[in-house]
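Working through the structure, step by step
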Amino acid sequence: DELMYYREDQKGQVLQEGISEAGAMSAWMAAASSYSVSDMPMLPFYIYYSMFGFQRVGDLAWAAGDLRCRGFLVGGTAGRTTLNGEGLQHQDGHSHLLAGNIPNCHAYDPTFSYEVAVILQDGTKRMLEAQEDAYWYITVMNENYAHPDMPAGVEADIIKGMYLFKDSGSADKGKAKGKGKAAPCVQLLGSGTILLEVIAAAELLEKDFGVASDIWSCPSFTELRRDGFDAERWNRLHPMDKQVRKAHVTTCLDGRAGPVIAATDYVREYADQIRAFMPQGKHYLVLGTDGFGRSDTREHLRDFFEVDRYWIAHAAIAALAAEGEMNPEDVARAIKQYKLDPAKPNPLTV
């Protein structure tokens, strides 16, 4: 009958640390290292505002990696445009860059519930069954939106950090391009809540400009970066091996038609981590939430940072025009049709 019902149980325990990030992180580290310190395997979850994590307890997060802690850090209300109205201290646009600096921290920014389930299952098996000395950072949202069924056979690619959410058939169109039969195509990448804007942008591009879009969910640009440099390193050290390794990003986008546009709720550096692994000749354009932003509605903030569906669609048209697939008149029409302001200041400067 109580609003905040709570009890302890042998199967688990909830700790409410109060407003003390350092205390909460220390409690999590104690539980996360108990498998070695006390011979008592535990799997702790520390749930907090994502902005209150690595930025405030970064030294402890690094120490957790050094201590070989195992567990899950869950950054709630994640992203720079998600928790509006409570001031800049809540608007996280860079925690994934901080998490990526810790070698044994696996960081993910999922959008859909099935992605969360796959990531949690993988992390649990690797920490408890495979005894991997690592921990997981997962950012989660506080928006209401529909969660689709998981596409068949994408579990492994979710863990790798990138999978095809919607196929427009651009691989076939890419083959037909030389025959003069292909309509313009783009590759759209996104994660977290901004993947929903990417999906909406694909609908605008199809309806307003006849442009087809492959939609890629990228739950972890950090894992993609690590995989790419690992493949690059392996190839350098095996010059005589005929089996050349490819980055997962390269494998996904090889043979796909059109430029690549990525948008996230984080600063541009987050998605820009995979630029080195674009297939040769691929135009890669990244949108992100560089700057402080202000307390406003999500819609206004996403327009301010230029990561909403209209800015994404415009970026795709501009990228196609840069490749000669469309023309400057199309770019100008997109600016007018989507009511974009070319004179608005760079969000980074406001």
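Please read these numbers as outputs of a predicted model, since none were measured by experiment. Counting from 1, residues in each chain are numbered in the order their sequence is written. Selection of residues for local features in this predicted model requires a pLDDT of at least 70, selection of side-chain atom pairs for listing and counting requires 80 or more, and totals for whole chains, interfaces and linings are taken over all residues. Values reported for side chains reflect all heavy atoms of the structure, with hydrogen atoms and water molecules removed beforehand.

1. What to know about the overall build of the protein chain
- The secondary structure listing takes helices from DSSP runs of H or I that are at least 4 residues long and strands from runs of E that are at least 2 residues long, numbered from the N terminus. Tallying secondary structure elements over the protein chain gives 14 helices and nine strands in all.
- Summarising its shape, the C-alpha atoms of the protein chain cover approximately 65 × 55 × 40 Å along the three principal directions.
- For the exposure calls, accessible area comes from a 1.4 Å probe over protein chains only, and a residue counts as buried if that area is under 20% of its type's maximum, exposed if over 50%, partly exposed in between. Considering the protein chain as a whole, with its 350 residues, one finds that 50% of them fall into the buried category.
- The contact criterion used is simple: two residues touch if any of their non-hydrogen atoms lie within 4.5 Å. Expressed as a percentage of contacts within the protein chain between residues at least 6 apart in sequence, the contacts between residues at least 24 apart total 78%.

2. Some thoughts on the pattern of salt bridges
- Any carboxyl oxygen of Asp or Glu within 4 Å of a side-chain nitrogen of Lys or Arg constitutes a salt bridge here. Enumeration over the complete set of coordinates arrives at 17 salt bridges.
- Ionic pairing is found between Asp 122 and Arg 126, a salt bridge with its closest N-O pair at 2.8 Å. Of this pair, Asp 122 and Arg 126 both sit in helix α5 (residues 113-129), four residues apart, which is roughly one turn of that helix.
- For Asp 122, a relative accessible area of 18% puts it in the buried group.
- Put simply, Asp 254 and Lys 246 hold a salt bridge, and the shortest N to O gap is 2.5 Å.
- Residues joined in a network through salt bridges with shared partners are Arg 68, Arg 70 and Asp 133.

3. Description of the packing of aromatic side chains
- Centre distance within 6.5 Å is the pairing criterion for rings of Phe, Tyr and Trp, where only the six-membered ring of Trp is used; planes under 30 degrees apart are then read as stacked, over 60 as edge-to-face, and the remainder as tilted. Applying the stated criterion to the full structure yields 16 aromatic pairs.
- Here Phe 229 and Phe 277 contribute two aromatic rings whose centre-to-centre distance is 4.9 Å and whose plane-to-plane angle is 80°, an arrangement assigned as edge-to-face. Of this pair, Phe 229 sits in helix α9 (residues 221-237) while Phe 277 sits in the loop between α11 (268-272) and β9 (284-287), and the two are 48 residues apart along the sequence.
- Through a chain of ring-to-ring contacts, three or more aromatic side chains come together here, namely Phe 112, Tyr 114, Tyr 145, Tyr 163 and Phe 165.

4. Some words on the nonpolar core
- Think of a nonpolar core as a cluster: buried Ala, Val, Leu, Ile, Met, Phe, Trp, Tyr and Cys residues, connected wherever their side-chain atoms sit within 4.5 Å. In terms of nonpolar packing, the biggest core is built from 49 residues, with Val 186, Leu 188, Leu 205, Val 211, Ile 261, Ile 312 and Ile 317 touching the most fellow members.
- For this core, the element with the highest residue contribution is helix α8 (residues 194-209), accounting for nine residues.
- The contacts of Ile 317, once residues within four sequence positions are left out, are Leu 205, Phe 209, Val 211, Met 326, Asp 330, Val 331 and Ala 334.
- Judged by nonpolar contacts, the second largest core, of 21 residues, contains Ala 78, Trp 216, Leu 253 and Val 260.

5. Quick word on the sheet that holds β9
- When DSSP finds two or more bridges between a pair of strands, those strands are recorded as paired. Taken in spatial order, the five strands line up as β5-β7-β6-β8-β9 in an open sheet, and their pairing is mixed. Each of the sheet's edge strands pairs with one partner strand only, and the pair in question is β5 (163-166) and β9. Mean inter-strand twist for the sheet, computed between neighbouring axes without regard to direction, equals 30°.
- Pairing analysis gives six bridges linking strand β6 (residues 185-190) to strand β7 (residues 212-217), with the strands arranged parallel. Note that in β7 the partner of Gln 187 across the bridge is Asp 214.
- Axis angles are defined between N-to-C directions and span 0 to 180 degrees, where every axis is a line fitted to C-alpha atoms and, for a helix, only to the segment in contact. Here α8 sits on the sheet and contacts β5, β6, β7 and β8 (260-263); the angle it forms with β7, its principal contact strand, is near 170°.

6. So, the state of the cysteines
- We call a pair of cysteine sulfur atoms a disulfide when they lie within 2.5 Å. Enumeration over the complete set of coordinates arrives at zero disulfides.
- No disulfide involves Cys 185; its sulfur sits 17 Å from that of Cys 252, the nearest cysteine.
- Lacking any disulfide linkage, Cys 218 is separated from the closest cysteine sulfur, that of Cys 252, by 7.9 Å.

7. Remarks on the sheet that holds strand β4 (residues 135-139)
- Strands sit in the order β1-β2-β4-β3 across an open sheet of four strands; the sheet is parallel. With partners counted over all chains shown, the strands left at the sheet margins are β1 (45-49) and β3 (105-108), one partner each. The sheet shows a mean angle of 15° between the axes of neighbouring strands, direction not considered.
- Set on the sheet, helix α3 (residues 54-66) makes contact with β1, β2 (72-76), β3 and β4; between it and β4 the angle comes to about 155°.

8. Examining the packing of helix α1 (residues 21-32) against α3
- Between α1 and α3, the shortest axis-to-axis distance is 9 Å and the interhelical angle comes to 10°. Comparing the axis directions of α1 and α3 gives the class roughly parallel. Here Glu 21, Ala 22, Met 25, Ser 26, Trp 28 and Met 29 of α1 come into contact with α3, specifically with Arg 56, Val 57, Leu 60, Ala 61, Ala 63 and Ala 64.
- Residue type decides the class: Asp, Glu, Lys and Arg count as charged, Ala, Val, Leu, Ile, Met, Phe, Trp, Tyr, Cys and Pro as nonpolar, and the leftover types, Gly among them, as polar. A breakdown of the residues in the contact of α1 with α3 according to their chemical character gives nine nonpolar, one polar and two charged. When describing relative orientation, an angle under 35 degrees is termed roughly parallel and one over 145 degrees roughly antiparallel, while 65 to 115 degrees is termed roughly perpendicular and anything else oblique.

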